[in-house]
Every structure is written in C-alpha cells, then in structure tokens.
Amino acid sequence: MIHSTTIICVRRDGRLAMAGDGQVSMGQTILKQTARKIRRLHRDKILAGFAGATSDAFALFSRFENKLEEHRGNLSRAAIELAKDWRLDKALRQLEALLIVADKEGAFLISGTGDVVEPDDGIIAIGSGGPFALAAARALMKHTDLSAKEIALEAVRTSAGICVHTNDQITVEEL
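Residues numbered from 1 in each chain as written. Predicted model: local features only at pLDDT ≥ 70, side-chain atom pairs only at ≥ 80, totals over all residues. Heavy atoms only, no water.

Take the sheet that holds strand β10 (residues 123-126) next. Pairing in this open sheet of 4 strands is antiparallel, and the strands run β10-β1-β2-β11 from one edge to the other. The open sheet has two edge strands, β10 and β11 (171-174), and neither has a second partner. Across the sheet, the mean angle from the axis of one strand to that of its neighbour is 15 degrees, orientation sign disregarded. Taken together, the 4 bridges between strand β2 (residues 15-20) and β11 define a ladder with antiparallel strand orientation. From the neighbouring strand, A17 faces β11, where its bridge partner is E174. Contacts between helix α4 (residues 148-160) and the sheet are confined to β1 (7-12), β2 and β11, with β1 contributing the most and set at about 155 degrees to the helix. (Pairing = 2+ DSSP bridges. Helix = DSSP H or I, 4+ residues; strand = E, 2+ residues; numbered from the N terminus. Axes fitted to C-alpha atoms, helices over the stretch in contact; angles between N-to-C directions. Contact = heavy atoms within 4.5 Å.)

Further remarks concern the packing of aromatic side chains. Across all of its chains, the model carries 2 aromatic pairs by this definition. Summarising the aromatic geometry, the rings of F50 and F58 are spaced 6.3 Å apart at their centres and angled 50 degrees between planes, so their arrangement reads as tilted. Relative to F61, the ring of F50 has its centre 5.6 Å away and its plane inclined at 80 degrees; by these criteria the two rings are edge-to-face. Taken together, the residues span a long stretch of sequence, with F50 in strand β6 (residues 46-52) and F61 in helix α1 (residues 54-70) at a distance of 11 residues. F61 matches F50 in its accessibility class, with the two residues each being buried. Clustering of aromatic rings is evident, with ring pairs tying together F50, F58 and F61. (Phe/Tyr/Trp six-rings, centres within 6.5 Å; stacked < 30°, edge-to-face > 60°. Buried < 20%, exposed > 50% of the residue type's maximum accessible area, 1.4 Å probe, protein only.)

So, in structure tokens, the structure goes:
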C-alpha cells in the first residue's frame, strides 16, 4: 500500500470531480502541506491524480501525456498502453506510484503491475487514505443529493480526519 495521500474521483449526474489532499510526507515528517497532486492534461479534457513518490508520479504524468498524444486523446487506449509499458519496462517497474486518470466518459486506476481498473459505480480512490474516502463517497452517493465535486471534497475531508498521511488542504478539479 502506498502511504502518501488521498485521491478520489467521483462521477455523478454527468459531472466528474477529482479531489486530493496537499500533504507530502517522508516517514513521520510532513514536508509540504499544499502540494497539487491532480493535473489537467490533454487540452484540459483529462484529469490525472497520483499517489506515491513525487518524482515517480511526474515521470508517469509525462509518459501518460505522451500516450494521450500518441492515441489522440483516447483515454482507455492511453491507459492500457501506459500500464503495458509500466509493467514491461525494467526502469518503469521500479516506480512507486498509482494513477487515477479520467475524462467525461471514463475513469481508470493504473498501476505498475499492469492493472487498468474502471470502477463499477463511478467512484475510485487511491493512496493510504483512499479506502476511507471511497467509503465516505459511496455513502454520500447513496444517501445525499450532493454534487460530484461536493462528494469528492467531503470524502477527502473524511479521510483527512482518519489517515495521518492526508491533510485538509484539498484541491478539487471538475469536468
């Protein structure tokens, strides 16, 4: 498990929101509280969030952007190709990170073991606080009329109250 953050992606009523906390920690020390772990890619049509080692995440963002260009913005094709390269390339296999990538039609978790997972319910989360945020978001989806953005924000806030590697300096991006 990557002990580093909380990133969640929520889809509701034709809207997509991705939220993440801002904490960067090394062991028991907080190094930064306002990191931006979510990026807009490919002409602002795709959101990507990471959990894991920062330099590894930047390397993966760059490779994923190249895959998006190569496949003309086709999210699923770019995700599959990145996962394939990540699993097969000896240097990439050493990277310690997870990515969530999403556009208006789909969302995927991508891992270095070759996983490309699309959620059944429109909610996916990564990082050490991911399970807490996922549970909170699923409950909010079922029992409230909150928007995707509001659910994502509340889910990360919930995680920040439980996970020591997650804080309440939250970034939210929406499509």
